[in-house]
Amino acid sequence: MKIDIVSVFPEYFEVLNLSLMGKAQSKGLLEITAHNLRDWTHDVHHSVDDTPVGGGAGMVMKPEVWAECLDELLNLPAPNEDDSPDELVFPTSESSDSPADDALDFSGIPNDETEEDDDSNAAAPVLIFPNPSAPLFTQRDATELSHAEHLLFSCGRYEGYDSRIPDYYRAQGIDVREYSIGDYVLNGGEVAVSVMLEAITRLMPGFMGNPDSIVEESYTGEGALLEHRQYTKPAVWRGIAVPDVLLSGDHGKVDRFRRDEALTRTNEIRPDLIEALDCKALDKADRKT
Ligand code: 6GU
């Protein structure tokens, strides 16, 4: 899998040379390149942001710099740059399918589901924007993206990026995703991208030493449940015993015990996951739990 990351702090991603991610790179399974967005600026200050149109605090990342960068990394031709910034229409809402803007050729139908269709050459990258105001990134997304050939992450900083950037690339037929990693605010997309990358790449075939270890985890399989609790030896430690059934050697009982614990714990900690369970994925014994 080829992975490009664009950031004003590409050094953030040096940690990807460590541990399993580093190993996957040496094995040739992953090819990660972190680019500096400022390499696509032309002014002496290498500025990448500007004040928000409509007022408000903070700075917003400028579309022009991102576009030069993303056009190049996506191998797209730059459009006519005759359109002076004043002629552009600012959409009034954040909606990505604003129909106006023929100047920008917003003819494409935004479609988050598209994976690798389209006429374009082989594997156009999936373009991913971390964004605290976007839908949550889930294990399902990680699983889907672990099959992609090429991912391109665009890390915003400051208050975010101009919303026309993802709109524009969607209209060009690129598979564009915007994701939040949780209900809290980070200073920029770098950490969020590291999180998503780790969740995605560990699901790639050949990434894990023991592929079984990703099968039984929380959030995978039919009906996402939190995992049961884990114990190792000794059987009694500081006066605390592991549950007897785990020492019984009866695999059927052990499986039932773990499944019950997963259901009970999920119900206590994440009732929303229980709500979302597909009843068909439950067996009779589950229903009793
Ligand atoms: Cl993707 N970005 C930022 N800046 N903050 C976040 C986030 C992303 N997800 C949760 N908080």
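This is a predicted model, so every value here is computed, not measured.

Considering the overall build of the chain
Then comes step 1: Within the chain, the secondary structure is distributed over eight helices and nine strands.
Then comes step 2: Looking at the chain as a whole, 27% of its 289 residues qualify as buried.
Then comes step 3: A sequence separation of at least 24 residues applies to 73% of the contacts in the chain between residues at least 6 apart.

Comments concerning the site of the ligand
Then comes step 1: For the ligand, the set of nearby residues contains 13 residues, the closest of which are Pro 130, Pro 132, Ser 180, Leu 186 and Ala 192.
Then comes step 2: Residues belonging to the shell around the ligand are distributed by class as follows: eight nonpolar, five polar and no charged.

Side note on the environment of Tyr 12
Then comes step 1: Considering the arrangement of structural elements, one finds Tyr 12 in the loop between strand E1 (2-7) and helix H1 (19-26).
Then comes step 2: Taking the number of C-beta atoms within 10 Å as the measure of exposure, Tyr 12 has 18 and is therefore partly exposed.
Then comes step 3: Distance from Tyr 12 to Arg 140, taken between C-alpha atoms, is 26 Å for residues 128 residues apart in sequence.

What about helix H4 (residues 164-171)?
Then comes step 1: The element H4 is extensively covered by neighbouring structure, given that eight of its eight residues are classed as buried.
Then comes step 2: Taken as a whole, H4 has its buried residues at Arg 164, Ile 165, Pro 166, Asp 167, Tyr 168, Tyr 169, Arg 170 and Ala 171.
Then comes step 3: Check the buried side of H4 and you find it contacts helix H2 (63-74), strand E5 (126-130) and strand E7 (176-179).
Then comes step 4: At the C-terminal side of H4, Gly 173 shows a positive phi close to 90 degrees.

Some words on the environment of Asp 212
Then comes step 1: Along the chain, Asp 212 falls in the loop between helix H5 (189-201) and strand E8 (236-237).
Then comes step 2: Sequence spacing of Asp 212 and Ser 248 is 36 residues, and the spatial spacing of their C-alpha atoms is 23 Å.

Brief notes about the nonpolar core
A general feature of soluble globular proteins is that nonpolar side chains tend to end up buried together.
Then comes step 1: Counting 48 residues, the largest nonpolar core has Ile 5, Trp 66, Ile 128, Leu 151, Phe 153 and Met 196 as the members making the most contacts within it.
Then comes step 2: With sequence-adjacent residues up to four places away left out, Trp 66 is seen in contact with Met 61, Ser 154, Tyr 161 and Ile 165.

Observations concerning the pairing of E7
Then comes step 1: Because side chains alternate across E7, one face comprises the buried residues Val 176 and Glu 178, and the other comprises Arg 177 and Tyr 179, equally buried.
Then comes step 2: Summarising the sheet, E5 and E7 pair through four bridges and their orientation is parallel. Its bridge partner being in E7, Leu 127 is matched across the sheet by Val 176.

Digging into the UniProt feature "binding site: S-adenosyl-L-methionine" (unreviewed entry) in the chain
Then comes step 1: Taking the numbering used here, the UniProt-annotated feature "binding site: S-adenosyl-L-methionine" (unreviewed entry) corresponds to Gly 156, Ile 181, Gly 182, Asp 183, Tyr 184, Val 185 and Leu 186.
Then comes step 2: Here Gly 182 is to be found in the loop between E7 and H5.
Then comes step 3: Among the residues examined, Gly 182 registers 11 C-beta atoms within 10 Å and is labelled exposed.
Then comes step 4: With respect to the helices and strands, the residue Asp 183 is situated in the loop between E7 and H5.
Then comes step 5: The class of Asp 183 is exposed, set by 7 C-beta atoms lying within 10 Å.

Rules used throughout
Residues numbered from 1 in each chain as written. Predicted model: local features only at pLDDT ≥ 70, side-chain atom pairs only at ≥ 80, totals over all residues. Helix = DSSP H or I, 4+ residues; strand = E, 2+ residues; numbered from the N terminus. Buried ≥ 20, exposed ≤ 12 C-beta atoms within 10 Å, placed from the backbone. Contact = placed C-beta atoms within 7 Å. Near = placed C-beta within 6 Å. Nonpolar A, V, L, I, M, F, W, Y, C, P; charged D, E, K, R; others polar. Core = buried A, V, L, I, M, F, W, Y, C linked by C-beta atoms within 7 Å. Pairing = 2+ DSSP bridges. UniProt positions renumbered as here; feature names shortened; annotations may be inferred.

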